[in-house]
Amino acid sequence: MDDRGSGGGSFVAVRRISQGLDRSNTFQTSSAEVAAGSAAWLGRGLSCVCAQRREDDSRQSFDLTPAQEDCLMRLQNRLDIAYDSSIPEHQEALRALWEAAFPEEELHGLISEQWKEMGWQGKDPSTDFRGGGFISLENLLYFARNFPKSFQDLLRKQEGDRSMWEYPFAVAGVNITFMLIQMLDLEAVKPRTLVGATFLKFLSDNELAFDLLYCIAFKLMDHQWLAMRASYMDFNAVMKSTRHQLETELLEKYITRLEELPSYMLLTQ
C-alpha cells in the first residue's frame, strides 16, 4: 500500500511469515507486502523494491539434487521463524547484536531509545523484524561477527562522501534480507529462476551461503549508494542496482563459490 500523501511516512519491506507455509511451483500472488513505518526521520521512499514482482521473472522450475533439497528445506525453515521477543534465544541474539555494534556502550534494555543509534525506526527493534523475521537478525549478527570492520564501516558511515540524508543502517539490513529472499525465490518448493537454482549450488557447499551473500549484498549496496551519490529518496534505485549486479555476478560461469564474486572483494578491503 502507498500513503505517500501522508506527511512524514516511511516505507519498509514486510514479508508475511507463518509456520508451514504452503510453497508451490505454480504462480501465486506474492506473500510480500509493503507496510508503512512510523518514524519521520527515515524520510519517504525507503521501501524494498523486491516487493514488486518483475514481469520477466521465469516461472519454470529446476530439478534439485537430494542434497540441494535438504539445504533448501533447512534454509526455508529459518525463513519461517518470526522474531519473538518472548523467546530467550531471540532476546540473546538481539543483545549480542548490540554488543557487537557498540561494545563500548552498555545497553539499557531490549526496548530503549538507544536502538535508534543503529538505525531502527523506534525504541523497539522487534517492530522492524516483521520485514525479515528472525533470519534478518541472524544476518546482521553474522555480518557483525564475521566481517566486523565492514560492519562498523557501514554502521558508522565511515567510508566515502556521505549524503546529508543517509539510509538507516538496521532497517536497510532488514530490506536486504527481504530482497535476497525474493531474488533467490526461496519460498518456492523448487527455484523458478536461474539465479535461484545457481544459488542452491553454493548453498549445498556452504550451509551459511545465504548469510555470506547477505554480507556481500549489504557492502555492495553501500558501494552503489556512494557511486550513485544517493540520498534517502534514491534508496529504491540503489536496491534495484544492487540486485541487478548480484544477479549478474552469480550467473558468471567462472564463479564456483561466493568468495569468487567480484563484490566479495568489497568485504575484505
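The name that an unreviewed UniProt entry assigns to the protein is ELMO domain-containing protein, with the source organism given as Lactuca virosa.

Asks: So what exactly am I meant to see when it comes to the overall build of the protein here?
Replies: Helix and strand counts for the protein come out as nine helices and two strands. Reading the protein from its N end, one meets helices and strands in the order β-β-α-α-α-α-α-α-α-α-α. Across the 269 residues in the protein, those meeting the buried criterion constitute 54%. Considering only residue pairs separated by 6 or more positions, the protein has 72% of its internal contacts joining residues 24 or more positions apart. As displayed, the protein offers around 12,300 Å² of accessible surface, 51% of which is attributable to carbon and sulfur atoms.

Asks: Just checking my understanding: could you explain the packing of helix α3 (residues 134–146) against helix α5 (residues 169–183) for this structure?
Replies: Relative orientation and spacing of two packed helices are given, respectively, by the angle between their axes and the distance between those axes. Contact pair α3 / α5: the axes reach a minimum separation of 9 Å and the direction vectors enclose 115°. The interaxial crossing formed by α3 with α5 has right-handed handedness. Counting all contacts with α3, which are made through Ile135, Ser136, Asn139 and Leu140, the residues of α5 involved are Phe169, Val174 and Thr177. Residue composition of the contact of α3 with α5, by class: four nonpolar, three polar and no charged.

Asks: Help me understand helix α1 (residues 66–79) in this model?
Replies: Think of an α-helix as turning once every 3.6 residues; residues three or four places apart then point the same way. The end-to-end C-alpha distance of α1, which contains 14 residues, comes to 20 Å, matching closely the 20 Å that a straight helix rising 1.5 Å per residue would cover. Among all positions in α1, only Gln68, Cys71, Leu72, Leu75, Gln76, Arg78 and Leu79 are buried. Mapping the buried residues of α1 onto a view down its axis gives an arc of 150°, with all of them on the same face.

Asks: When you look at α3 in this model, what are you seeing that I'm missing?
Replies: In this model, α3 (13 residues) spans 18 Å end to end at C-alpha, consistent with the 18 Å of a helix rising 1.5 Å per residue. Burial of α3 is extensive: 10 of the 13 residues sit out of reach of the surface. Those residues of α3 that fall on the buried side of the exposure criterion are Phe134, Ile135, Ser136, Leu137, Asn139, Leu140, Leu141, Tyr142, Phe143 and Ala144.

Asks: Even after reading the chapter, I still don't get the environment of Thr198, so can you show me in this structure?
Replies: Its location among the elements puts Thr198 in helix α6 (residues 194–205). A C-alpha to C-alpha distance of 7.1 Å links Thr198 and Leu251, two positions 53 residues apart in sequence. With near-sequence residues (within four places) excluded, Thr198 lies in contact with Leu250 and Leu251.

Asks: Can you walk me through the packing of aromatic side chains in this structure?
Replies: Where two aromatic rings form a pair, the distance of their centres and the angle of their planes describe that pair. Tallied over the entire structure, the rule returns 12 aromatic pairs. Note on Trp98 and Trp115: the rings are 5.2 Å apart at their centroids and 75° apart in plane angle, and the pair reads as edge-to-face. Note that Trp98 is positioned in helix α2 (residues 88–101) and Trp115 in the loop between α2 and α3, a separation of 17 residues in sequence. Residue Trp98 is classed as buried on the basis of its relative accessible area of 1%. Measuring from centroid to centroid gives 5.0 Å for Tyr167 and Trp225, while their planes differ by 80°, and the two rings are edge-to-face. Taken together, the positions of Tyr167 in the loop between α4 (148–155) and α5 and Trp225 in helix α7 (residues 209–227) put the pair 58 residues apart, joining distant regions of the chain. Under the relative-accessibility criterion, Trp225 is labelled buried at 1%. An aromatic cluster of three or more residues is present, and its members are Phe143, Phe151, Phe169, Tyr214 and Phe218. For the cation-ring pair, Lys157 lies above Tyr167, with the distance from its terminal atom to the ring centre recorded as 4.3 Å.

Asks: What exactly am I supposed to notice about the packing of α6 against α7 here?
Replies: The N-to-C vectors of α6 and α7 enclose an angle of 115°; their axes lie 8 Å apart at closest approach. Residues Phe199, Phe202 and Leu203 of α6 form the contact with α7, whose participating residues are Ala209, Phe210 and Leu213. The residue makeup of the contact of α6 with α7, split by class, is six nonpolar, no polar and no charged.

Asks: Explanation requested: unusual backbone geometry in the structure shown.
Replies: For Asp185, which is not glycine, the phi dihedral falls at a positive 55°. Turning to its location among the elements, Asp185 is positioned in the loop between α5 and α6. Here Arg229, not a glycine, exhibits a phi torsion of approximately 50°, which is positive. Here Arg229 lies in the loop between α7 and α8 (235–250).

Asks: I would appreciate a short explanation of the confidence of the model for the protein in the present structure.
Replies: Detailed reading of the predicted model is not advised wherever pLDDT is low. Averaged over all residues, the pLDDT of the protein is 81; the fraction at 70 or higher stands at 76%. This stretch, residues 1–22, has a pLDDT under 50; its non-local contacts, to residues over four places away or in other chains, come to 74 contacts. In this model, residues 24–58 is a region of pLDDT below 50 whose contacts with residues beyond four sequence positions or in other chains number 102 contacts.

Conventions we followed
Residues numbered from 1 in each chain as written. Predicted model: local features only at pLDDT ≥ 70, side-chain atom pairs only at ≥ 80, totals over all residues. Heavy atoms only, no water. Helix = DSSP H or I, 4+ residues; strand = E, 2+ residues; numbered from the N terminus. Buried < 20%, exposed > 50% of the residue type's maximum accessible area, 1.4 Å probe, protein only. Contact = heavy atoms within 4.5 Å. Areas by Shrake-Rupley, 256 points an atom, 1.4 Å probe, with all protein chains shown as cover. Axes fitted to C-alpha atoms, helices over the stretch in contact; angles between N-to-C directions. Left-handed = near helix turned anticlockwise from the far one by under 90°. Nonpolar A, V, L, I, M, F, W, Y, C, P; charged D, E, K, R; others polar. Expected span 1.5 Å × (residues − 1). Arc of directions from axis to C-beta. Phe/Tyr/Trp six-rings, centres within 6.5 Å; stacked < 30°, edge-to-face > 60°. Lys NZ or Arg CZ within 6 Å of the ring centre and 35° of its normal. pLDDT = per-residue confidence, 0-100.

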